[in-house]
Amino acid sequence: VITGAGQGIGEYLSINLSKKFFVFLISKSSNCEKISNQINEKYPLSSDFLRIDFEKKINFKLLKKKIDLNSFKNINLIFCAGYLDNYSEELDITEWKKVFNINVFSHLEIFNYFLPLMKKNKFNNKIIFFSGGGAANSFDTFPAYSASKTAIVRIVENLALRYEKYNISIFAIAPGSIKTKML
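Residues numbered from 1 in each chain as written. Predicted model: local features only at pLDDT ≥ 70, side-chain atom pairs only at ≥ 80, totals over all residues. Heavy atoms only, no water.

## Observations regarding the overall build of the protein chain
Our working definition: Labels follow the DSSP assignment, with helices taken as runs of H or I lasting at least four residues and strands as runs of E lasting at least two, numbered in each case from the N terminus. Only C-alpha atoms enter the radius of gyration; for comparison, a globular chain is expected to reach 2.2 Å times N to the power 0.38, where N is the number of residues. Note on areas: Shrake-Rupley with a 1.4 Å probe; residue coverage comes only from the protein chains shown. The positive count covers Lys and Arg only, the negative count covers Asp and Glu only, and His and the chain ends enter neither. Taken as the charge centre is NZ of Lys, CZ of Arg, CG of Asp or CD of Glu, depending on the residue.
The helix and strand tally for the protein chain stands at 5 helices and 6 strands. For 183 residues, the compact-globule estimate of 2.2 N^0.38 gives 16 Å, and the protein chain sits close to it at 16 Å. With respect to the three principal axes, the spread of C-alpha positions in the protein chain is 50 × 40 × 30 Å. Working note: accessible area of the protein chain is about 10,600 Å², and carbon and sulfur atoms make up 55% of it. Placing the 25 positive and 16 negative side-chain charges of the protein chain at their respective mean positions leaves the two points 11 Å apart.

Have a look at this one:
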């Protein structure tokens with residue numbers, strides 16, 4: 001499962017991982033359907049997709065209709081979806097909520113949805129959260145983004161300890177500046 005699969009890092013990972021694995025693309029962008037179709041043209045039945053709005057509570061009934069989770073031996077999650085807050089001299093709490101819903105809470109909802117299956121199986125499941133540079137440096141023009149990415153790092157540190165007994169490996173990575181729409 002790859003979030004933010006309609007563009008940037010998520011798109012790149014989706015295309016390249018589909019050479020060896022089935023990938024399920026989740027994105028707000030309609031581009032994830034195009035990416036999934038491109039993958040399936042080259043590697044038939046190697047991907048599927050679901051468009052969701054990360055700002056709102058996720059409707060997992062749609063996911064259940066798209067994919068039978070019990071048909072997989074292990075689940076790997078890569079959380080790439082992200083949102084950079086709009087600069088304002090004022091602290092716009094609505095904007096902060098949007099940033100945290102997209103960058104943090106939506107990924108925790110997806111993680112929580114897959115967690116029972118990952119705890120049951122004996123395989124080494126991997127979860128990767130993209131924490132981004134906002135966790136390593138201050139960004140005065142993007143304070144909500146920076147705070148959300150810092151929160152991801154601490155969340156991952158705690159979840160990794162909590163679920164290691166289930167053979168679930170959880171990582172936060174910050175790949176550095178990458179030429180995407182965000183930059």
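So much for the structure itself; the text now carries on.
## Focus: the sheet that holds strand 1 (residues 2–3)
To be explicit about the condition: At least two bridges found by DSSP between two strands are what make those strands a pair. Contact definition: two residues touch when any of their heavy atoms are within 4.5 Å. Fitted lines through C-alpha atoms give the axes, limited to the stretch in contact for helices. The angle between two N-to-C directions lies from 0 to 180 degrees.
One open sheet accounts for 6 strands, arranged 3-2-1-4-5-6; its pairing is parallel. Edge positions in the sheet fall to strand 3 (47–51) and strand 6 (168–173), since each has one partner strand and no second. In the sheet, strand 5 (residues 125–130) pairs with strand 6 via 6 bridges, with the strands oriented parallel. Bridging from a neighbouring strand, Lys126 pairs with Ser169 of strand 6. Against the sheet, helix 2 (residues 31–42) engages strand 2 (23–27) and strand 3, with an angle of about 175° to strand 3.

## Structural notes on the pairing of strand 5
Where strand 4 (residues 77–79) lies against strand 5, 3 bridges are found, and the strand directions are parallel. If you follow Leu77 over to strand 5, its bridge partner there is Ile127.

## Let's talk about the packing of helix 1 (residues 8–17) against helix 2
Quick reminder of the rule: Reported orientations rely on four angle classes, namely roughly parallel under 35 degrees, roughly antiparallel over 145, roughly perpendicular from 65 to 115, and oblique for the rest. Handedness of a crossing is defined here by the sense of rotation of the near helix relative to the far one, left-handed for an anticlockwise turn of less than a right angle and right-handed for a clockwise turn.
Where helix 1 meets helix 2, the axes come as close as 10 Å, and the angle between the chain directions of the two elements is 20°. Taken as axis vectors, helix 1 and helix 2 run roughly parallel relative to one another. You can see that helix 1 and helix 2 cross each other, and the crossing is right-handed. Together, Glu11, Ser14 and Ile15 of helix 1 and Asn31, Ile35, Gln38 and Ile39 of helix 2 make up the contact between the two elements.

## A look at helix 2
So the rule is basically this: The span one expects for a helix is its residue count, reduced by one, times 1.5 Å.
An ideal rise of 1.5 Å per residue puts 16 Å on 12 residues; helix 2 measures up with 17 Å between its terminal C-alpha atoms. Check the buried side of helix 2 and you find it contacts helix 1, strand 2 and strand 3.

## Details of the environment of Ile102
Position of Ile102 among the secondary structure elements: in helix 4 (residues 93–120). Residues Ile102 and Gly82, 20 residues apart in the sequence, show an inter-C-alpha distance of 6.1 Å. Beyond its immediate chain neighbours, meaning those up to four positions away, Ile102 contacts Phe54, Glu55, Ala81, Gly82, Tyr83 and His107.

## With respect to the packing of aromatic side chains
The description of an aromatic ring pair uses the distance of the two centres, along with the angle that the planes make with each other. Definition in use: Any Phe, Tyr or Trp ring, taking Trp's six-membered ring, that has another such ring centre within 6.5 Å forms a pair; planes under 30 degrees apart are called stacked, those over 60 apart edge-to-face, and the others tilted. Any residue under 20% of the maximum accessible area for its type is buried, any over 50% is exposed, and the rest in between are partly exposed; the area is computed with a 1.4 Å probe on protein chains only. Only lysine NZ and arginine CZ atoms are considered, and such an atom sits over a ring when it is within 6 Å of the ring centre and within 35 degrees of the ring normal.
What the rule picks out here adds up to 7 aromatic pairs. Seen in terms of ring centroids, Phe100 and Phe105 are 6.3 Å apart; in terms of plane orientation they differ by 40°. Their pairing is tilted. Given a relative accessible area of 43%, Phe105 falls into the partly exposed group. Arranged with centres 5.1 Å apart and planes meeting at 85°, the rings of Tyr113 and Phe114 form a pair that is edge-to-face. Comparing Tyr113 with Phe114 shows no difference in burial state: the two are buried. Each residue in the set Phe60, Tyr113 and Phe114 is aromatic and connected to the rest through ring pairs, giving one cluster. Positioned above the aromatic ring of Phe49, the side-chain terminus of Lys66 is 4.4 Å from the ring centre.

## A few points about the pattern of salt bridges
The line we're drawing: A carboxyl oxygen of Asp or Glu within 4 Å of a side-chain nitrogen of Lys or Arg is what we treat as a salt bridge.
The tally for this structure, following the rule as stated, stands at 7 salt bridges. Of the charged contacts in the structure, one is a salt bridge between Asp53 and Lys56, with a shortest N-O distance of 3.6 Å. A residue is classified by how much of its surface remains accessible, and Asp53, at 24% relative accessible area, is partly exposed. For Lys56, a relative accessible area of 55% puts it in the exposed group. With its nearest N and O atoms 3.9 Å apart, the salt bridge here joins Glu55 to Lys98. With Glu55 in the loop between strand 3 and helix 3 (60–66) and Lys98 in helix 4, the pair connects residues that are 43 residues apart, well separated along the chain. Looking at Glu55, the relative accessible area reads 28%, which means it is partly exposed.

Any functional reading would require information beyond the geometric quantities listed.
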